Amino acid sequence: MFDDTRSRFLGCLIGCAVGDALGCRLEGLASLDVESVFDGRWTDDTHMMIGVAESLIANKGFNGNHMAQTFIKNYEQEPWRGYASGPPKVFRWIKSGVPWDEAAKQLFGGAGSYGNGAAMRVAPVGLLYYDDTEKLRFVAHAQSMITHTHELGTEGAVIQAYSVALAVKASQSSEWDSYEFLEKLMGFTSNETYRRKLKKAVELLKEGADRHKVVKELGNSVEAHNSVLTAVYCFLRNWGNFKDAVTYAVNLGGDTDTIGAMTGAISGAYHGVEAIPEQWRNKLERRAYIEKLAEDLWALK
Ligand code: AR6
Ligand code: MG
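Residues numbered from 1 in each chain as written. Chains lettered and ligands numbered in written order. Predicted model: local features only at pLDDT ≥ 70, side-chain atom pairs only at ≥ 80, totals over all residues. Heavy atoms only, no water.

A. Quick look at the overall build of the protein. Counting its regular elements, the protein contains 17 helices and zero strands. At 17 Å, the protein has a C-alpha radius of gyration in line with the 19 Å of a compact globule built from 301 residues. Along the three orthogonal principal directions, the C-alpha set of the protein runs to about 50 × 40 × 40 Å. The proportion of buried residues among the 301 residues of the protein is 61%. When contacts within the protein are restricted to residue pairs at least 6 apart in sequence, long-range pairs at least 24 apart make up 72% of them. (Helix = DSSP H or I, 4+ residues; strand = E, 2+ residues; numbered from the N terminus. Rg over C-alpha atoms; globule rule 2.2 N^0.38 Å. Buried < 20%, exposed > 50% of the residue type's maximum accessible area, 1.4 Å probe, protein only. Contact = heavy atoms within 4.5 Å.)

Here it is as C-alpha coordinates:
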(Lines give C-alpha, C1' and ligand atoms only; values in the text may rest on other atoms or scores of the structure.)
(Ligands and ions follow the chains in the order given, each with its own letter.)
Protein backbone atom coordinates (compact mmCIF):
# COMPACT_ATOMS: atom_id res chain seq x y z
CA MET A 1 0.00 0.00 0.00
CA PHE A 2 1.16 3.53 -0.78
CA ASP A 3 2.16 5.14 2.50
CA ASP A 4 1.27 8.79 2.44
CA THR A 5 2.14 9.52 6.08
CA ARG A 6 4.72 12.00 4.79
CA SER A 7 1.95 14.09 3.25
CA ARG A 8 0.02 13.99 6.58
CA PHE A 9 3.10 15.34 8.42
CA LEU A 10 3.45 18.16 5.89
CA GLY A 11 -0.29 18.82 5.95
CA CYS A 12 -0.29 19.10 9.73
CA LEU A 13 2.48 21.69 10.09
CA ILE A 14 1.51 23.67 6.98
CA GLY A 15 -2.15 23.42 8.08
CA CYS A 16 -1.26 24.85 11.50
CA ALA A 17 0.54 27.82 9.93
CA VAL A 18 -2.21 28.42 7.35
CA GLY A 19 -4.93 28.32 10.02
CA ASP A 20 -2.92 30.74 12.18
CA ALA A 21 -2.30 33.11 9.26
CA LEU A 22 -5.95 33.03 8.24
CA GLY A 23 -7.18 33.47 11.80
CA CYS A 24 -4.95 36.38 12.70
CA ARG A 25 -6.30 38.37 9.75
CA LEU A 26 -9.87 37.60 10.77
CA GLU A 27 -9.51 38.38 14.47
CA GLY A 28 -12.46 40.58 15.34
CA LEU A 29 -13.53 40.97 11.69
CA ALA A 30 -16.15 38.18 11.51
CA SER A 31 -15.60 38.22 7.75
CA LEU A 32 -16.52 35.34 5.49
CA ASP A 33 -14.25 36.68 2.77
CA VAL A 34 -11.32 34.41 3.63
CA GLU A 35 -9.75 34.47 0.16
CA SER A 36 -9.05 38.16 0.00
CA VAL A 37 -7.65 38.60 3.50
CA PHE A 38 -5.14 35.74 3.53
CA ASP A 39 -1.60 37.12 3.36
CA GLY A 40 0.31 34.14 4.75
CA ARG A 41 1.82 35.88 7.75
CA TRP A 42 1.59 33.89 10.96
CA THR A 43 1.92 34.60 14.69
CA ASP A 44 3.40 33.18 17.91
CA ASP A 45 1.32 30.00 17.46
CA THR A 46 3.34 28.92 14.43
CA HIS A 47 6.55 30.47 15.78
CA MET A 48 6.35 28.25 18.89
CA MET A 49 5.22 25.20 16.88
CA ILE A 50 8.44 25.69 14.87
CA GLY A 51 10.41 25.78 18.14
CA VAL A 52 8.86 22.50 19.28
CA ALA A 53 9.71 20.86 15.94
CA GLU A 54 13.26 22.26 15.85
CA SER A 55 14.03 20.94 19.32
CA LEU A 56 12.46 17.50 18.77
CA ILE A 57 14.49 17.14 15.58
CA ALA A 58 17.78 18.36 17.08
CA ASN A 59 17.46 15.93 20.01
CA LYS A 60 15.67 13.10 18.19
CA GLY A 61 13.06 13.43 20.94
CA PHE A 62 12.25 15.63 23.94
CA ASN A 63 14.87 17.66 25.81
CA GLY A 64 13.20 20.20 28.10
CA ASN A 65 16.08 22.58 28.58
CA HIS A 66 16.91 22.59 24.88
CA MET A 67 13.29 23.26 23.93
CA ALA A 68 13.06 26.13 26.44
CA GLN A 69 16.27 27.66 25.05
CA THR A 70 14.92 27.25 21.51
CA PHE A 71 11.71 29.12 22.46
CA ILE A 72 13.83 31.88 24.03
CA LYS A 73 16.13 32.20 21.01
CA ASN A 74 13.19 32.36 18.58
CA TYR A 75 11.31 34.84 20.77
CA GLU A 76 14.33 37.15 21.03
CA GLN A 77 14.71 37.18 17.24
CA GLU A 78 11.03 38.01 16.60
CA PRO A 79 9.36 39.22 19.80
CA TRP A 80 6.66 41.00 17.74
CA ARG A 81 4.84 37.81 16.73
CA GLY A 82 1.94 38.45 19.13
CA TYR A 83 3.02 36.54 22.23
CA ALA A 84 0.70 36.78 25.22
CA SER A 85 2.01 37.92 28.62
CA GLY A 86 2.92 34.56 30.17
CA PRO A 87 5.64 33.07 27.96
CA PRO A 88 7.92 36.16 27.80
CA LYS A 89 7.90 36.31 31.62
CA VAL A 90 8.87 32.65 31.83
CA PHE A 91 11.66 33.25 29.31
CA ARG A 92 13.10 36.02 31.49
CA TRP A 93 12.99 33.82 34.61
CA ILE A 94 14.70 30.94 32.84
CA LYS A 95 17.39 33.33 31.56
CA SER A 96 17.98 34.50 35.10
CA GLY A 97 18.68 30.92 36.19
CA VAL A 98 15.34 29.31 37.18
CA PRO A 99 15.18 25.72 35.84
CA TRP A 100 13.00 25.18 32.75
CA ASP A 101 10.58 22.93 34.65
CA GLU A 102 10.17 25.33 37.59
CA ALA A 103 9.85 28.80 36.08
CA ALA A 104 6.29 28.63 34.71
CA LYS A 105 4.84 27.51 38.04
CA GLN A 106 5.19 31.11 39.24
CA LEU A 107 2.72 32.51 36.67
CA PHE A 108 -0.71 33.82 37.68
CA GLY A 109 0.01 34.02 41.37
CA GLY A 110 1.39 30.50 41.49
CA ALA A 111 -1.61 28.88 39.73
CA GLY A 112 0.25 28.43 36.46
CA SER A 113 -1.18 29.26 33.03
CA TYR A 114 -4.23 27.61 31.50
CA GLY A 115 -3.86 29.64 28.30
CA ASN A 116 -3.97 27.71 25.03
CA GLY A 117 -0.30 28.40 24.30
CA ALA A 118 0.88 24.87 25.10
CA ALA A 119 -1.80 23.35 22.84
CA MET A 120 -1.39 25.70 19.87
CA ARG A 121 2.26 24.64 19.38
CA VAL A 122 2.07 20.92 20.17
CA ALA A 123 1.32 19.48 16.70
CA PRO A 124 4.88 18.14 16.08
CA VAL A 125 4.54 15.99 19.23
CA GLY A 126 1.27 14.54 17.93
CA LEU A 127 3.04 13.63 14.68
CA LEU A 128 6.26 12.18 16.07
CA TYR A 129 4.42 9.95 18.54
CA TYR A 130 1.21 9.32 16.62
CA ASP A 131 1.61 5.56 17.04
CA ASP A 132 2.78 5.62 20.69
CA THR A 133 0.01 7.05 22.88
CA GLU A 134 1.81 6.96 26.23
CA LYS A 135 4.96 8.61 24.85
CA LEU A 136 2.75 11.21 23.20
CA ARG A 137 1.01 11.92 26.50
CA PHE A 138 4.33 12.22 28.35
CA VAL A 139 6.02 14.54 25.85
CA ALA A 140 2.92 16.70 25.21
CA HIS A 141 2.68 17.23 28.97
CA ALA A 142 6.41 17.85 29.44
CA GLN A 143 6.62 20.45 26.66
CA SER A 144 3.64 22.24 28.26
CA MET A 145 5.43 22.53 31.57
CA ILE A 146 7.97 24.94 30.04
CA THR A 147 5.28 27.67 29.97
CA HIS A 148 1.91 26.20 31.08
CA THR A 149 1.72 24.24 34.33
CA HIS A 150 -1.99 24.53 35.20
CA GLU A 151 -3.72 21.18 34.71
CA LEU A 152 -6.19 22.66 32.21
CA GLY A 153 -3.30 24.05 30.17
CA THR A 154 -1.31 20.82 30.12
CA GLU A 155 -4.36 18.61 29.47
CA GLY A 156 -5.39 20.87 26.58
CA ALA A 157 -1.99 20.29 24.98
CA VAL A 158 -2.19 16.54 25.57
CA ILE A 159 -5.65 16.40 23.97
CA GLN A 160 -4.59 18.52 20.99
CA ALA A 161 -1.53 16.30 20.41
CA TYR A 162 -3.68 13.17 20.60
CA SER A 163 -6.18 14.71 18.16
CA VAL A 164 -3.38 15.20 15.64
CA ALA A 165 -2.34 11.57 16.17
CA LEU A 166 -5.93 10.36 15.77
CA ALA A 167 -6.24 12.36 12.55
CA VAL A 168 -3.17 10.63 11.11
CA LYS A 169 -4.56 7.25 12.15
CA ALA A 170 -8.09 8.00 10.93
CA SER A 171 -6.66 8.90 7.52
CA GLN A 172 -5.27 5.36 7.31
CA SER A 173 -8.65 3.74 8.00
CA SER A 174 -11.94 4.14 6.19
CA GLU A 175 -14.01 3.03 9.17
CA TRP A 176 -13.86 6.09 11.36
CA ASP A 177 -16.44 8.79 11.86
CA SER A 178 -16.69 11.90 14.06
CA TYR A 179 -18.38 10.08 16.93
CA GLU A 180 -15.71 7.44 17.10
CA PHE A 181 -13.06 10.18 17.14
CA LEU A 182 -14.78 11.80 20.16
CA GLU A 183 -15.16 8.44 21.87
CA LYS A 184 -11.44 7.84 21.54
CA LEU A 185 -10.76 11.24 23.13
CA MET A 186 -13.19 10.37 25.93
CA GLY A 187 -11.25 7.18 26.57
CA PHE A 188 -8.01 9.18 26.60
CA THR A 189 -8.71 11.98 29.10
CA SER A 190 -9.87 11.65 32.69
CA ASN A 191 -10.14 15.41 33.20
CA GLU A 192 -13.75 16.27 34.06
CA THR A 193 -13.75 19.73 32.44
CA TYR A 194 -12.70 18.26 29.11
CA ARG A 195 -14.98 15.23 29.45
CA ARG A 196 -17.98 17.54 29.93
CA LYS A 197 -17.04 19.40 26.75
CA LEU A 198 -16.60 16.15 24.84
CA LYS A 199 -20.17 15.17 25.74
CA LYS A 200 -21.33 18.61 24.57
CA ALA A 201 -19.45 18.15 21.30
CA VAL A 202 -21.34 14.91 20.63
CA GLU A 203 -24.68 16.67 21.22
CA LEU A 204 -23.73 19.65 19.05
CA LEU A 205 -22.72 17.37 16.17
CA LYS A 206 -25.94 15.36 16.47
CA GLU A 207 -28.18 18.40 16.39
CA GLY A 208 -26.13 20.32 13.79
CA ALA A 209 -25.97 23.31 16.13
CA ASP A 210 -25.48 26.84 14.84
CA ARG A 211 -22.27 28.82 15.44
CA HIS A 212 -23.72 30.78 18.30
CA LYS A 213 -24.49 27.62 20.27
CA VAL A 214 -21.11 26.06 19.44
CA VAL A 215 -19.32 29.11 20.88
CA LYS A 216 -21.60 29.16 23.92
CA GLU A 217 -21.05 25.48 24.76
CA LEU A 218 -17.43 24.89 23.70
CA GLY A 219 -15.96 28.41 23.90
CA ASN A 220 -13.72 30.46 21.59
CA SER A 221 -11.36 32.19 23.99
CA VAL A 222 -7.71 32.10 24.97
CA GLU A 223 -8.13 29.47 27.72
CA ALA A 224 -7.17 25.94 26.66
CA HIS A 225 -10.43 24.45 27.97
CA ASN A 226 -12.39 27.02 25.93
CA SER A 227 -10.61 26.47 22.63
CA VAL A 228 -8.98 23.03 22.20
CA LEU A 229 -12.22 21.06 21.87
CA THR A 230 -13.66 23.88 19.78
CA ALA A 231 -10.87 23.21 17.26
CA VAL A 232 -11.50 19.46 17.40
CA TYR A 233 -15.19 20.17 16.76
CA CYS A 234 -14.39 22.44 13.79
CA PHE A 235 -12.44 19.57 12.20
CA LEU A 236 -15.10 16.95 12.92
CA ARG A 237 -17.99 19.07 11.70
CA ASN A 238 -16.10 19.75 8.46
CA TRP A 239 -14.48 16.32 8.23
CA GLY A 240 -14.47 16.23 4.44
CA ASN A 241 -12.56 19.37 3.56
CA PHE A 242 -9.58 21.35 4.92
CA LYS A 243 -10.69 24.72 3.67
CA ASP A 244 -14.20 24.34 5.13
CA ALA A 245 -12.75 23.36 8.52
CA VAL A 246 -10.39 26.32 8.93
CA THR A 247 -12.89 28.76 7.42
CA TYR A 248 -15.51 27.56 9.88
CA ALA A 249 -12.99 27.81 12.73
CA VAL A 250 -11.91 31.38 12.10
CA ASN A 251 -15.51 32.47 11.62
CA LEU A 252 -16.36 31.46 15.19
CA GLY A 253 -14.61 34.64 16.29
CA GLY A 254 -12.70 35.06 19.55
CA ASP A 255 -9.17 33.64 19.56
CA THR A 256 -9.28 33.07 15.80
CA ASP A 257 -5.58 32.58 15.08
CA THR A 258 -5.16 29.85 17.69
CA ILE A 259 -8.43 28.03 16.97
CA GLY A 260 -7.51 28.30 13.27
CA ALA A 261 -4.01 26.92 13.95
CA MET A 262 -5.25 23.95 16.01
CA THR A 263 -8.04 23.13 13.54
CA GLY A 264 -5.59 23.44 10.64
CA ALA A 265 -3.11 21.09 12.30
CA ILE A 266 -5.73 18.38 12.85
CA SER A 267 -7.44 18.76 9.48
CA GLY A 268 -4.10 18.99 7.65
CA ALA A 269 -2.92 15.82 9.39
CA TYR A 270 -6.05 14.04 8.22
CA HIS A 271 -6.19 15.25 4.61
CA GLY A 272 -2.49 15.66 3.78
CA VAL A 273 -0.76 18.70 2.34
CA GLU A 274 -2.28 18.44 -1.15
CA ALA A 275 -5.72 19.23 0.32
CA ILE A 276 -4.58 22.68 1.48
CA PRO A 277 -5.48 25.29 -1.16
CA GLU A 278 -2.42 26.01 -3.27
CA GLN A 279 -2.91 29.77 -3.26
CA TRP A 280 -2.65 29.65 0.55
CA ARG A 281 0.42 27.43 0.55
CA ASN A 282 2.10 29.68 -2.03
CA LYS A 283 1.64 32.78 0.07
CA LEU A 284 2.71 31.19 3.34
CA GLU A 285 5.63 32.79 5.12
CA ARG A 286 8.66 30.41 5.44
CA ARG A 287 6.73 27.63 3.74
CA ALA A 288 9.87 25.77 2.62
CA TYR A 289 11.32 25.81 6.13
CA ILE A 290 8.10 24.51 7.72
CA GLU A 291 7.95 21.76 5.09
CA LYS A 292 11.55 20.86 5.86
CA LEU A 293 10.73 20.52 9.57
CA ALA A 294 7.81 18.22 8.71
CA GLU A 295 10.10 16.14 6.45
CA ASP A 296 12.72 15.89 9.21
CA LEU A 297 10.09 14.78 11.76
CA TRP A 298 8.83 12.19 9.33
CA ALA A 299 12.38 10.95 8.77
CA LEU A 300 12.71 10.42 12.55
CA LYS A 301 9.85 7.89 12.47
N1 AR6 B 1 -5.59 32.73 35.81
C2 AR6 B 1 -6.17 33.75 35.11
N3 AR6 B 1 -6.00 33.93 33.78
C4 AR6 B 1 -5.23 33.07 33.13
C5 AR6 B 1 -4.59 31.97 33.79
C6 AR6 B 1 -4.80 31.82 35.20
N7 AR6 B 1 -4.23 30.81 35.90
N8 AR6 B 1 -3.89 31.29 32.88
C9 AR6 B 1 -4.08 31.90 31.70
N10 AR6 B 1 -4.88 32.99 31.84
P11 AR6 B 1 -0.62 33.07 28.68
P12 AR6 B 1 -0.54 31.78 26.05
C13 AR6 B 1 -5.35 33.91 30.76
O14 AR6 B 1 -0.30 34.49 28.99
O15 AR6 B 1 -1.34 30.66 26.59
C16 AR6 B 1 -1.49 34.54 21.64
O17 AR6 B 1 -2.21 35.59 21.10
C18 AR6 B 1 -4.71 35.28 30.91
O19 AR6 B 1 -5.62 36.25 30.44
O20 AR6 B 1 0.03 32.01 29.49
O21 AR6 B 1 0.70 31.47 25.31
C22 AR6 B 1 -1.82 33.25 20.94
O23 AR6 B 1 -2.17 33.45 19.61
C24 AR6 B 1 -3.53 35.18 29.95
O25 AR6 B 1 -3.08 36.43 29.46
O26 AR6 B 1 -0.20 32.88 27.14
C27 AR6 B 1 -2.95 32.72 21.75
O28 AR6 B 1 -4.14 33.34 21.38
C29 AR6 B 1 -4.10 34.35 28.83
O30 AR6 B 1 -4.94 33.40 29.50
C31 AR6 B 1 -2.63 33.14 23.13
O32 AR6 B 1 -1.89 34.35 22.99
C33 AR6 B 1 -3.07 33.64 27.96
O34 AR6 B 1 -2.19 32.86 28.74
C35 AR6 B 1 -1.85 32.12 23.88
O36 AR6 B 1 -1.47 32.61 25.09
MG1 MG C 1 -1.17 34.03 17.97
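B. Spotlight on the side chain of T247. Summarising the element assignment, T247 is placed in helix α14 (residues 242-250). Within the local environment of T247, its side chain forms a polar contact with the backbone oxygen of K243, the two atoms lying 2.6 Å apart. (Polar contact = N/O pair within 3.5 Å; in protein donor to acceptor, adjacent residues only side chain to side chain.)

C. Examining the coordination of the magnesium ion (ligand 2) more closely. Taken together, T43 (OG1), D44 (OD), D45 (OD) and D257 (OD) make up the protein donors of the magnesium ion (ligand 2), found 2.1 to 2.4 Å from the metal. Ordering the donors of the magnesium ion (ligand 2) by residue number gives the pattern T-D-D-x211-D. With a gap of 214 residues between them, T43 in the loop between α2 (34-37) and α3 (44-59) and D257 in helix α15 (residues 256-271) connect regions that are remote in the sequence. Grouping residues by exposure puts T43 and D257 together as buried. (Donors = N, O, S within 2.8 Å, 3.2 Å for Na, K, Ca; no water.)

D. The arrangement of the site of ligand 1 in detail. Neighbouring ligand 1 are 21 residues; D45, G86, S113, H148 and D255 lie closest to it. Here an oxygen atom of ligand 1 sits 3.4 Å away from a polar atom, N or O, in the main chain of N116. Between ligand 1 and the protein, one listed contact pairs an oxygen atom with a side-chain N or O atom of H148 at 2.6 Å. Notes on ligand 1: free accessible area 710 Å², of which the protein chains cover 79%. Looking at the shell around ligand 1, the elements that each hand over two or more residues are α3, α5 (86-95), α6 (117-120) and α15. When the residues that make up the shell around ligand 1 are grouped by side-chain class, the tally is seven nonpolar, 10 polar and four charged. (Near = heavy atom within 4 Å. Areas by Shrake-Rupley, 256 points an atom, 1.4 Å probe, with all protein chains shown as cover. Nonpolar A, V, L, I, M, F, W, Y, C, P; charged D, E, K, R; others polar.)

E. Main features of the packing of helix α10 (residues 178-188) against helix α11 (residues 192-207). Viewed as axis vectors pointing N to C, α10 and α11 meet at an angle of 170°, and their least axial separation amounts to 10 Å. One element, α10, and the other, α11, form an angle in the roughly antiparallel class. Here S178, Y179, L182, L185 and M186 of α10 come into contact with α11, specifically with R195, L198, K199, A201, V202, L205 and K206. Class assignment for the residues of the contact of α10 with α11 results in eight nonpolar, one polar and three charged. (Axes fitted to C-alpha atoms, helices over the stretch in contact; angles between N-to-C directions. Parallel < 35°, antiparallel > 145°, perpendicular 65-115°, else oblique.)

F. Structural view of the nonpolar core. L13, F181, L185, L284, I290 and L297 are the most contacted members of the largest nonpolar core, which has 105 residues in total. Setting aside residues up to four positions removed in sequence, L297 forms contacts with F9, L13, A53, L56, I57, P124, L127 and L128. (Core = buried A, V, L, I, M, F, W, Y, C linked by side-chain atoms within 4.5 Å.)

G. Spatial organisation of the side chain of T256. Here T256 shows up in helix α15. Exposure remark for T256: the relative accessible area of 1% places this residue in the buried category. A polar atom in the side chain of T256 sits 2.7 Å from the backbone oxygen of G23.

H. Fine view of the pattern of salt bridges. According to the stated counting rule, one finds 17 salt bridges in the structure shown. Of the charged contacts, one joins E78 and R81 as a salt bridge, the two residues approaching to 3.0 Å between their closest N and O atoms. Side by side, E78 and R81 carry an identical accessibility label, which is buried. For K184, the salt bridge identified is with E180, shortest N-O distance 3.2 Å. (Salt bridge = Lys/Arg side-chain N within 4 Å of Asp/Glu carboxyl O.)

I. Looking closely at the packing of helix α8 (residues 133-144) against helix α9 (residues 151-171). At their nearest, the axes of α8 and α9 sit 8 Å apart, and the two run at 140° to each other. Put simply, α8 runs oblique to α9. Crossing angle aside, the handedness with which α8 passes α9 is right-handed. Contacts from T133, L136, R137, A140, H141, Q143 and S144 in α8 reach G153, T154, A157, V158, A161, Y162, A165 and K169 in α9. For the contact of α8 with α9, the per-class residue count stands at seven nonpolar, six polar and two charged. (Left-handed = near helix turned anticlockwise from the far one by under 90°.)

J. Focus on the packing of aromatic side chains. Throughout the structure, instances matching the rule amount to 13 aromatic pairs. Residues F62 and W100 carry aromatic rings whose centres are separated by 5.8 Å and whose planes lie at 70° to one another, so their mutual orientation is edge-to-face. On the criterion of sequence distance, the pair formed by F62 in the loop between α3 and α4 (64-77) and W100 in the loop between α5 and α6 is long-range, its members being 38 residues apart. Given a relative accessible area of 23%, F62 falls into the partly exposed group. Clustering of aromatic rings is evident, with ring pairs tying together W176, F181, F235, W239 and Y270. When the ring centre of F188 is taken as origin, the NZ or CZ atom of R137, which lies over that ring, is 4.1 Å away. Sitting above the plane of the W176 ring, K184 keeps its charged end 4.3 Å from the centroid. (Phe/Tyr/Trp six-rings, centres within 6.5 Å; stacked < 30°, edge-to-face > 60°. Lys NZ or Arg CZ within 6 Å of the ring centre and 35° of its normal.)

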